[in-house]
Amino acid sequence: MLYILLSIIIIIPVLAGFGEIFHKIFGEMWSTFSAKIFSGIFSLAMLWQILAFFIPLNIWVEGVSLVIGFLAFFYFKTYKDFLKFSKTEILKLCFLTLNIIISGSYYPFILDHFGYYVPSINWLSEFGLSKGLANLNLIYAQMSVWHIFQAGFSHFSDVFLRINVVFLIAFFIYIFEKKVWSLLFISPIFLLFIQSPSPDLPAIVLSLIILNEIIKGNQNFKLIFAFSVFVFAIKPTMIWLPLFVFLYFFRRENLKFLWLGVLVGLIYIFKNIWLFGYPFFPVQIGDFGVSWLPNSEILKQSSEVAITKTYDLQYSVSEIQKFTTWDYIYNWFTLHSYKKYIHFAFILSLIFFGIFAFKKKDKLTTILFISILFKSILILLFSAQYRFFLDVFFVIFVLVFHSKIKEKLSLLSFSFGAFIILFLMSFPKILQSQIPTFKLGYFMEGFTKNQFFKPAYFALNSYQTFKIGNLDFNVPNYDLCFDTPQPALSPDAVKKYFEAGIFPQKITENLKEGFSWKKLSKEEKEKLKIIISSLEKKR
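Undergrad: Honestly, the overall build of the protein in this entry has me stumped. Any pointers?
TA: Within the protein, the secondary structure is distributed over 22 helices and four strands. Expected size for 539 residues packed as a compact globule is a radius of gyration near 24 Å; at 23 Å, the protein falls within 12% of this value. Dimensions of the protein, computed from the C-alpha atoms along their principal axes, are close to 70 × 55 × 55 Å. Across the 539 residues that make up the protein, the buried fraction comes to 58%. Restricting to contacts in the protein with at least 6 residues of sequence separation, those with at least 24 account for 69%. In the form shown here, the protein has an accessible surface area of approximately 23500 Å², with 67% of it arising from carbon and sulfur atoms.

Right under this line is the structure:
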């Protein structure tokens, strides 16, 4: 906890300092301390994303950024913004911050943390954005700008990757500045997203902030649209947000303010082409003829995994392919899991939202419903996993209750919710016994005394090194590559390459220059078979 506190003390002034610089160049989306923090996040994430094409996001990048941020923070006297809070508000914020720090000190338990977040951040820190990186591991194709942002702070100021702790504190500062108590009311659930650099938290929270700003009459279309595209770059399932902002502010005279958001979108598309070969992961549309396109069989395998995850891995691909239209719907609503209740709630929420929009008949609600419905249809068509539409519940709640919840009720709600979440994270066996289908509960480790000093983390550091063609690669003696030196492949990835009859290769001797793939020769396939056998013996 002490380490997290130190990270907060370092990172928030740096972000505010960069936010001041951003405001001098592009103007303010709103004029409070939280605006400077979020503008700092935006500007640093975009700056580091551009730098990552050329250099790794190493300690030198972090060090220079920290110096610039601190200098700007003190030069513009941003610290005076703290004096605008009353003593009572500061005490309340300290109480909320304490809850966040405690929650953020627990072990990571989101599976993507181990197979996606940490390997992505490690690669960015060591090499930056490498051409055709999806050929090494397809998971890198969806590398979020949020992980680029985390990588920039991962050497000194946030070694344990708790940037979401800092972000949630900034969100609470915004709530107190704007007195938006409905946002605090629903915030306890966000405590489950701060042990990892999950892009879900910033994507959902920033979308709620933008929605609140529009509800309150903020007319700064240029920055609101740019931030909405930034949210899309963090998590593309938030496609409803830039669509909503664009449609809501659509006027001919506003088109000249699109340029910043369009620039953010173009950088996102270029990053995808650079890593994946196509503009939008995982859609294989927009072939620019680059030489580093992923193998079609690997893409097919990825698509099949997405289909099975729609049904919580309870049906095989062959079984799903035999479904009738009725089977697709019925089986989605009758999974042997708590997820079926989320599915029911999602559909009922959309129906309620539609009725609410029809009765209200105002521009904002109507356009918001159309945007959310568009996103929901896309999700249902491609991969209807519950985690892709969680934001819909928050959006509907804020729209309906944004001015109806008072401060006292929100503080009580947060206190009670935070207590429940901390209790369950401290004693996860209760969660495991009561909701056995909640698989993440089995990765919670409870509270340890070391958390008082530094966040809990896993460090197994057991792997083997092999070579196929010109690629030396490391494979952990467990399922995921969270602490394996790069280039790292999981045992499952090695098996998939064997099944597809291909293997990643370096384009040049320098790993930074990227990857392509080649077909395995008969000898290489036999060698890979022996490697897979040795991996199975170690596990």
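Undergrad: Help me understand a nonpolar patch on the surface, please; the structure alone is not making it clear to me.
TA: Together, Leu 2, Leu 5, Ile 9, Phe 447, Phe 452 and Phe 453 make up a nonpolar patch on the protein surface, roughly 600 Å² of accessible area in all. Tracing the backbone shows Phe 453 in the loop between helix H20 (428–434) and strand S1 (463–468). Take Phe 453: its relative accessible area is 56%, and that puts it in the exposed class.

Undergrad: Would you take a moment to explain the packing of aromatic side chains for this structure?
TA: We describe a pair of aromatic rings using the distance from one ring centre to the other and the angle between the two ring planes. Applying the stated rule across the entire model yields 66 aromatic pairs. Considering the side-chain rings of Phe 53 and Trp 274, the 6.3 Å spacing of their centres and the 80° angle between planes classify their relative orientation as edge-to-face. Linking Phe 53 in the loop between helix H2 (33–51) and helix H3 (59–75) with Trp 274 in helix H12 (residues 259–276), this pair joins segments that are 221 residues apart in sequence. We classify Phe 53 as buried; its relative accessible area is 12%. With 6.1 Å between their ring centres and 75° between their planes, Tyr 338 and Tyr 386 make a pair best called edge-to-face. Residue Tyr 338 is located in the loop between helix H15 (325–333) and helix H16 (339–360), and its partner Tyr 386 is located in the loop between helix H17 (363–382) and helix H18 (390–401); the two are separated by 48 residues in the primary sequence. Assigned by exposure class, Tyr 338 and Tyr 386 land together as buried. These aromatic residues form a ring-pair network of at least three members: Trp 30, Phe 38, Trp 48, Trp 146, Phe 149, Phe 153, Phe 167 and Tyr 174. Directly above the ring of Phe 358 sits Lys 361, whose terminal nitrogen or CZ lies 5.1 Å from the centroid. Over the ring of Phe 498 we find Lys 525; its NZ or CZ atom is 5.4 Å from the centre of that ring.

Undergrad: Any chance you could explain the pattern of salt bridges here in plain terms?
TA: In a structure, side chains of opposite charge can pair up when their charged atoms sit close to one another. One pass over the full model with this rule turns up 14 salt bridges. Asp 81 is paired through a salt bridge with Lys 84; the nearest N and O atoms lie 3.3 Å apart. Classification of Asp 81 by relative accessible area gives buried; the value is 7%. For Lys 84, a relative accessible area of 65% corresponds to the exposed category.

Undergrad: Is there a simple way to think about the side chain of Ser 207 in this case?
TA: Turning to its location among the elements, Ser 207 is positioned in helix H9 (residues 200–215). Using a relative accessible area of 0% as the deciding quantity, one classes Ser 207 as buried. If we skip the residues at most four places from it in the chain, Ser 207 touches Val 231, Met 238, Trp 240 and Leu 241.

Undergrad: For this particular structure, what's the right way to read the pairing of strand S3 (residues 502–506)?
TA: If a strand is regular, its side chains alternate between the two faces of the sheet. For S3, a buried count of five out of five residues is recorded, marking the element as mostly surrounded by other parts of the structure. Of the two faces of S3, the one carrying Ile 502, Pro 504 and Lys 506 and the one carrying Phe 503 and Gln 505 are both buried. Sheet topology places S3 next to strand S4 (residues 515–519); five bridges connect them, and they run antiparallel. In the strand pairing of S4, Lys 506 is matched with Phe 515.

Undergrad: Is there a simple way to explain the packing of H9 against helix H10 (residues 221–234) in this structure?
TA: In a packed pair of helices, the relevant descriptors are the angle between the two axes and the axis-to-axis distance. Contact geometry of H9 with H10 gives a least axis separation of 9 Å together with a crossing angle of 160°. In terms of axis orientation, H9 runs roughly antiparallel to H10. Considering the relative orientation of H9 and H10, their crossing is left-handed. Contact with H9, carried on its side by Pro 202, Ala 203, Leu 206, Ser 207, Ile 210 and Ile 214, involves Ile 224, Phe 227, Ser 228, Phe 230, Val 231 and Ile 234 of H10 and no other residues of that element. Its residues assigned to classes, the contact of H9 with H10 shows 10 nonpolar, two polar and no charged.

Undergrad: Could you clarify how one ought to interpret helix H7 (residues 163–178) in this entry?
TA: Each full turn of the α-helix corresponds to 3.6 residues, which orients residues three or four apart in the same direction. For H7, with 16 residues, the first-to-last C-alpha span of 23 Å sits near the 22 Å given by 1.5 Å per residue. The element H7 is extensively covered by neighbouring structure, given that 14 of its 16 residues are classed as buried. Immediately downstream of H7, the backbone of Lys 179 shows phi near 60°, a positive value.

Undergrad: Can you help me understand unusual backbone geometry in this one?
TA: Among all residues save glycine, negative phi is the norm, and among peptide bonds the norm is trans. Of note, the amide linkage connecting Phe 281 to Pro 282 takes the cis form, showing an omega dihedral of 0°. Relative to the assigned elements, Pro 282 resides in the loop between H12 and helix H13 (296–310). In this model, Gln 486 is joined to Pro 487 through a cis peptide bond whose omega is -5°. The topology assignment puts Pro 487 in the loop between strand S2 (471–476) and helix H21 (491–500). Residue Lys 77 is not a glycine yet carries a positive backbone phi of 55°.

Undergrad: Looking at this model, I keep getting lost on the side chain of Gln 49. Mind explaining?
TA: Counting through the fold element by element, Gln 49 comes out in helix H2. Using a relative accessible area of 2% as the deciding quantity, one classes Gln 49 as buried. Aside from chain neighbours lying at most four places away, what touches Gln 49 is Leu 129, Val 145, Ile 148, Ile 267 and Lys 271.

Undergrad: What am I meant to see in the environment of Lys 235 here?
TA: Along the chain, the position of Lys 235 falls in the loop between H10 and helix H11 (240–248). With 32 residues separating them along the chain, Lys 235 and Ala 203 place their C-alpha atoms 6.2 Å apart. Ignoring anything within four residues of it in the chain, the contact list for Lys 235 reads Asp 200 and Ala 203.

Scoring rules and cut-offs
Residues numbered from 1 in each chain as written. Predicted model: local features only at pLDDT ≥ 70, side-chain atom pairs only at ≥ 80, totals over all residues. Heavy atoms only, no water. Helix = DSSP H or I, 4+ residues; strand = E, 2+ residues; numbered from the N terminus. Rg over C-alpha atoms; globule rule 2.2 N^0.38 Å. Buried < 20%, exposed > 50% of the residue type's maximum accessible area, 1.4 Å probe, protein only. Contact = heavy atoms within 4.5 Å. Areas by Shrake-Rupley, 256 points an atom, 1.4 Å probe, with all protein chains shown as cover. Patch = residues over 30% accessible without salt bridge, like charges linked within 9 Å, V, L, I, M, F, W, Y side chains within 5 Å. Salt bridge = Lys/Arg side-chain N within 4 Å of Asp/Glu carboxyl O. Phe/Tyr/Trp six-rings, centres within 6.5 Å; stacked < 30°, edge-to-face > 60°. Lys NZ or Arg CZ within 6 Å of the ring centre and 35° of its normal. Pairing = 2+ DSSP bridges. Axes fitted to C-alpha atoms, helices over the stretch in contact; angles between N-to-C directions. Parallel < 35°, antiparallel > 145°, perpendicular 65-115°, else oblique. Left-handed = near helix turned anticlockwise from the far one by under 90°. Nonpolar A, V, L, I, M, F, W, Y, C, P; charged D, E, K, R; others polar. Expected span 1.5 Å × (residues − 1).

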